[in-house]
Protein chains: 2
Amino acid sequence: MTATTVHQPTHREALWELEDAFERGDLITIFGRCTVEYDGRAASSLDPGRRLLILKPDGTALVHTDENQKPVNWQPPGSEHHAAVRDGRLRVRSVRSSPDETLDVRFETVEQLSAMAVSGRRDLSVTGSEADLRNALLDRPALIEPGFEPLATERPTDAGPIDLFGRDSDGRPVVVELKRRRVGPSAASQLQRYVAAIEREEGDAAAVRGILVAPSVTDRARRLLAEHGLEFVAVEPPSDGSVAVSTATDNDADVVDDDTDDDTAASSTAESAGEGSN
Amino acid sequence: MTATTVHQPTHREALWELEDAFERGDLITIFGRCTVEYDGRAASSLDPGRRLLILKPDGTALVHTDENQKPVNWQPPGSEHHAAVRDGRLRVRSVRSSPDETLDVRFETVEQLSAMAVSGRRDLSVTGSEADLRNALLDRPALIEPGFEPLATERPTDAGPIDLFGRDSDGRPVVVELKRRRVGPSAASQLQRYVAAIEREEGDAAAVRGILVAPSVTDRARRLLAEHGLEFVAVEPPSDGSVAVSTATDNDADVVDDDTDDDTAASSTAESAGEGSN
DNA sequence: CGTGCCAGGTGCCAT
DNA sequence: ATGGCACTTGGCACG
């Protein structure tokens, strides 16, 4: 059997199962009414309630409730799980150092405890990342601007690594910052820092161009770009590895002034076909 | 019984249990060998492996593996779970719109399926947030600087809301940006944007001061602050609601040059004694 | 709904 | 370890 489960065990029975599961390196789920105390980078406290505790063999601990994607409390990988019965009740404590953090789960009742052998995520391939966007643009640099010549990716500077560095048809240095989604002010500032760094390097101020490449940009970010003489080129978010300029942004000046912010989603999700059988 | 579990059910049995659990609004865990396909803001694919699928009544879906705190695949709250048996195999599909996203989990084998009634997180109180830091500083403004007078929090500007706005003993406007932990370049840029916004408002450039308040700052951020004539005040992260200046930062010039980056953790969690009561 | 920002962010990879 | 940054970031609060 690959999954062992005990229902409404005594706290001591639960402890036995827990220790066995620790031994086997299983992933463990405990469901029951409990309180949760956390102290570390911050501190929090949870009143009694019925929750799901997940303990991973890598030291991760997760306390999940009814709702929300994120656990209400947790402990990162690398922590050490300890279990004990105090006052006749199961207590699971997950501790780590640097930073010093403690998660304490005290069970009033244990409804169910399961242990299962879970396999690690071996091959997860994600497409649509910023790296994919970069590769697509390296294949077709003209999407950024006709005549743009890429020279380096992740080019190191005083202010950090530049996503894509190159030169335009006039030989001017161009700093390109890539974002896979609509960007706000922080991205504009980031680009500005890189441009300033290159300007310091080259010693020739005002000759360095900065281009923000993203699906779209907020108003504030657009204004920020304008203030610093930076440019914006709209590309659709990379879906299958290919990219496309969303609209013909006539980008020759230092600031774009068109308003390409509607995301033509397409969205032909017509899968209303019967997947019933219920 | 508050938790129903079936072991190694047929796929059709699993489907029945699933539908009942959906009906009851239970939190559901399914453990088995499966493949996972995701398509939406990005796209990903997972080869067959033994994983734990969690379905929440609020529409959240989580695929957890052996390791890591974050699920290897997921669907945010608000999605709709659909289950069906195709080709004799259980398939769980979680769909949401805006953005259009689909998570597809196909089980080769279902080892275990559990459903439990979990209560929502009612009262979670976290201390040590940035808001706590702000309140502590409002109580003792002199921690920022002797004579500093707070005037507003979350003061709106052209560039966004300022954490803490006030005036110094000379009547000069002061923009304060708070961070609960060690900060990098982005925080410096953020402060710079706010200072520039206030300078535009006041019309009197160079008269506006900007102070970054955080436990510590990286070298690059420090340099950025210096470039823009911004200041830094070190405070220990708020632990129990109180704050303390980490070291006597003689901050009268525009840039501090001391190096306060050691975090005296303290951490006196000595509760090995019998903590009886309830 | 979008905009902006904090978060116990997490995770990845570089020095 | 620290630093810098992307992330299907998630979550909240506000206009």
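Residues numbered from 1 in each chain as written. Chains lettered and ligands numbered in written order. Predicted model: local features only at pLDDT ≥ 70, side-chain atom pairs only at ≥ 80, totals over all residues. Heavy atoms only, no water.

### A short note on the relation of the copies chain A and chain B
Then, number 1: It takes a turn of 180° to lay chain A on chain B, together with a shift of 0.0 Å along the axis; the resulting RMSD is 0.1 Å. Here the transformation between the copies is reduced to the relation of a two-fold axis. Measuring from the rotation axis to each C-alpha of chain A, the shortest distance belongs to Ser 189 of chain A, at 3.2 Å. (Least-squares fit on C-alpha atoms with pLDDT ≥ 70 in both.)

### What to know about the protein's contact with DNA strand C
Then, number 1: The full set close to DNA strand C counts 27 residues, and Trp 74 and Arg 182 of chain A together with Gln 69, Arg 180 and Tyr 194 of chain B are the nearest of them.
Then, number 2: With respect to DNA strand C, the side chain of Gln 190 of chain B contributes an N or O atom lying 3.1 Å from a phosphate oxygen.
Then, number 3: At the level of secondary structure, the elements contributing two or more residues to the surface near DNA strand C comprise strand 5 (73-75) of chain A together with helix 3 (185-202) of chain B.
Then, number 4: Here the surface near DNA strand C takes 3 residues from strand 5 of chain A, the largest share from any one element.
Then, number 5: Classifying every residue of the surface near DNA strand C gives 8 nonpolar, 8 polar and 11 charged. (Near = heavy atom within 4 Å. Polar contact = N/O pair within 3.5 Å; in protein donor to acceptor, adjacent residues only side chain to side chain. Helix = DSSP H or I, 4+ residues; strand = E, 2+ residues; numbered from the N terminus. Nonpolar A, V, L, I, M, F, W, Y, C, P; charged D, E, K, R; others polar.)

### Let's talk about the sheet that holds strand 13 (residues 209-214) of chain B
All names here are of chain B.
Then, number 1: Taken together, 5 strands build an open sheet; the order of strands is 10-11-12-13-14 and the sheet is mixed. Sheet topology places strand 10 (149-155) and strand 14 (231-234) at the edges, where each strand pairs with a single neighbour. Direction aside, the axes of adjacent strands within the sheet are offset by 25° on average.
Then, number 2: Alignment of strand 12 (residues 173-178) against strand 13, held across 5 bridges, turns out to be parallel. By the bridge assignment, Val 174 is partnered in strand 13 with Arg 209. (Pairing = 2+ DSSP bridges. Axes fitted to C-alpha atoms, helices over the stretch in contact; angles between N-to-C directions.)

### Structural notes on the protein's contact with DNA strand D
Then, number 1: Within the structure, DNA strand D sits among 24 residues, and Lys 179, Arg 180 and Tyr 194 of chain A together with Arg 41 and Arg 182 of chain B are positioned closest to it.
Then, number 2: In DNA strand D, the atoms that sit within 4 Å of the protein are 83% sugar and phosphate, with bases accounting for the remainder.
Then, number 3: Contact distances for DNA strand D include 2.3 Å between a phosphate oxygen and a side-chain N or O atom of Tyr 194 of chain A.
Then, number 4: Glu 101 of chain B is positioned with one of its side-chain polar atoms (N or O) 3.0 Å from a base oxygen of DNA strand D.
Then, number 5: Within the residue set of the surface near DNA strand D, elements represented by two or more residues are helix 3 (185-202) of chain A together with strand 5 (73-75) of chain B.
Then, number 6: Among the elements that make up the surface near DNA strand D, the one with the highest residue count is helix 3 of chain A (3 residues).
Then, number 7: Of the residues that constitute the surface near DNA strand D, the class distribution is 6 nonpolar, 6 polar and 12 charged.

### What to know about the pairing of strand 12 of chain B
Residue and element names in this part refer to chain B.
Then, number 1: In terms of residue burial, strand 12 counts as a mostly covered element, since 6 of its 6 residues are buried.
Then, number 2: Here strand 12 shows a buried face lined by Pro 173, Val 175 and Glu 177 and a second buried face lined by Val 174, Val 176 and Leu 178.
Then, number 3: As judged from the 4 bridges shared by strand 11 (residues 162-167) and strand 12, these two strands associate in the antiparallel manner. Paired with Gly 166 across the strands is Val 174, a residue of strand 12.
Then, number 4: A loop of 5 residues connects strand 11 with strand 12, the two strands running antiparallel in sequence, and Gly 171 in this loop sits at a positive phi of about 85°. (Buried < 20%, exposed > 50% of the residue type's maximum accessible area, 1.4 Å probe, protein only.)

### What about the packing of aromatic side chains?
Then, number 1: What the rule picks out here adds up to 0 aromatic pairs over all chains.
Then, number 2: Lying across the ring of Phe 165 of chain A, Arg 155 of chain A places its NZ or CZ 4.7 Å from the centre. (Phe/Tyr/Trp six-rings, centres within 6.5 Å; stacked < 30°, edge-to-face > 60°. Lys NZ or Arg CZ within 6 Å of the ring centre and 35° of its normal.)

### So, the interface of chain A and chain B
Then, number 1: Taken together, the contact between chain A and chain B spans 83 residues of the former and 84 residues of the latter.
Then, number 2: Buried area between chain A and chain B, both sides added, is near 6,900 Å², and the carbon and sulfur share of it is 45%.
Then, number 3: Inspection of the region where chain A meets chain B yields 4 salt bridges.
Then, number 4: Between Asp 158 of chain B and Arg 223 of chain A there is a salt bridge whose closest N-O contact spans 3.7 Å.
Then, number 5: Summed over the shared surface of chain A and chain B, the number is 35 residue pairs in polar contact (both at pLDDT 80 or more).
Then, number 6: Per-element tally for the side of chain A that touches chain B: the top contributor is strand 3 (residues 43-55) of chain A, with 11 residues.
Then, number 7: Across the side of chain A that touches chain B, the residue classes tally to 24 nonpolar, 31 polar and 28 charged.
Then, number 8: Direction of pairing for strand 3 of chain A relative to strand 9 (residues 124-127) of chain B: antiparallel, over a ladder of 4 bridges. What sits directly across from Ser 44 of chain A, in strand 9 of chain B, is Val 126 of chain B. (Contact = heavy atoms within 4.5 Å. Buried area = accessible area lost by both parts, 1.4 Å probe. Salt bridge = Lys/Arg side-chain N within 4 Å of Asp/Glu carboxyl O.)

### So, the packing of helix 3 of chain A against helix 4 (residues 219-227) of chain A
All names here are of chain A.
Then, number 1: Running from N to C, helix 3 and helix 4 point in directions that differ by 20°, and their axes come no closer than 8 Å. The angle between helix 3 and helix 4 falls in the class roughly parallel. Considering how the two elements wind past one another, helix 3 and helix 4 form a crossing that is right-handed. Residues Pro 185, Ala 188, Ser 189 and Leu 191 of helix 3 touch helix 4, and the partners they reach there are Arg 220, Ala 221, Leu 224 and Leu 225.
Then, number 2: Among the residues forming the contact of helix 3 with helix 4, the class breakdown is 6 nonpolar, 1 polar and 1 charged. (Parallel < 35°, antiparallel > 145°, perpendicular 65-115°, else oblique. Left-handed = near helix turned anticlockwise from the far one by under 90°.)

### What about the domain arrangement of chain A?
Then, number 1: In terms of domain boundaries, chain A breaks down into domain 1 (3-116) and domain 2 (130-234).
Then, number 2: Each of domain 1 of chain A and domain 2 of chain A has a C-alpha centre, and these two points are 46 Å apart. (Domains from an automatic or database assignment.)

### With respect to the nonpolar core
Then, number 1: Within the largest apolar cluster, 27 residues are counted, with the highest numbers of intra-cluster contacts made by Leu 18, Ile 30, Leu 90 and Phe 107 of chain B.
Then, number 2: Of all the elements in the fold, those that place two or more residues in this core are helix 1 (11-24), strand 2 (27-39), strand 3 (43-55), strand 4 (61-64), strand 6 (80-86), strand 7 (89-96) and strand 8 (101-116) of chain B.
Then, number 3: Top element by residues in this core is strand 8 of chain B. It accounts for 6 residues.
Then, number 4: Those residues in contact with Phe 107 of chain B that lie beyond four places of it in its chain are His 11, Ile 30, Phe 31, Gly 32, Arg 33, Cys 34, Leu 53, Arg 89, Leu 90 and Val 92 of chain B.
Then, number 5: Counting residues in each nonpolar core, the second largest holds 25 residues, with Cys 34, Tyr 38, Leu 53 and Val 63 of chain A among its members. (Core = buried A, V, L, I, M, F, W, Y, C linked by side-chain atoms within 4.5 Å.)

### Remarks on the pattern of salt bridges
Then, number 1: What the rule picks out here adds up to 33 salt bridges over all chains.
Then, number 2: Note that Lys 179 of chain A is salt-bridged to Glu 177 of chain A, the shortest N-O span being 3.3 Å.
Then, number 3: Note that Arg 96 of chain B and Glu 101 of chain B form a salt bridge whose closest N and O atoms lie 2.8 Å from each other. Take Arg 96 of chain B and Glu 101 of chain B: they sit in the same class, and that class is buried.
Then, number 4: Through salt bridges that share partners, Glu 145, Asp 168, Arg 172, Arg 209 and Glu 231 of chain A make up one connected network.

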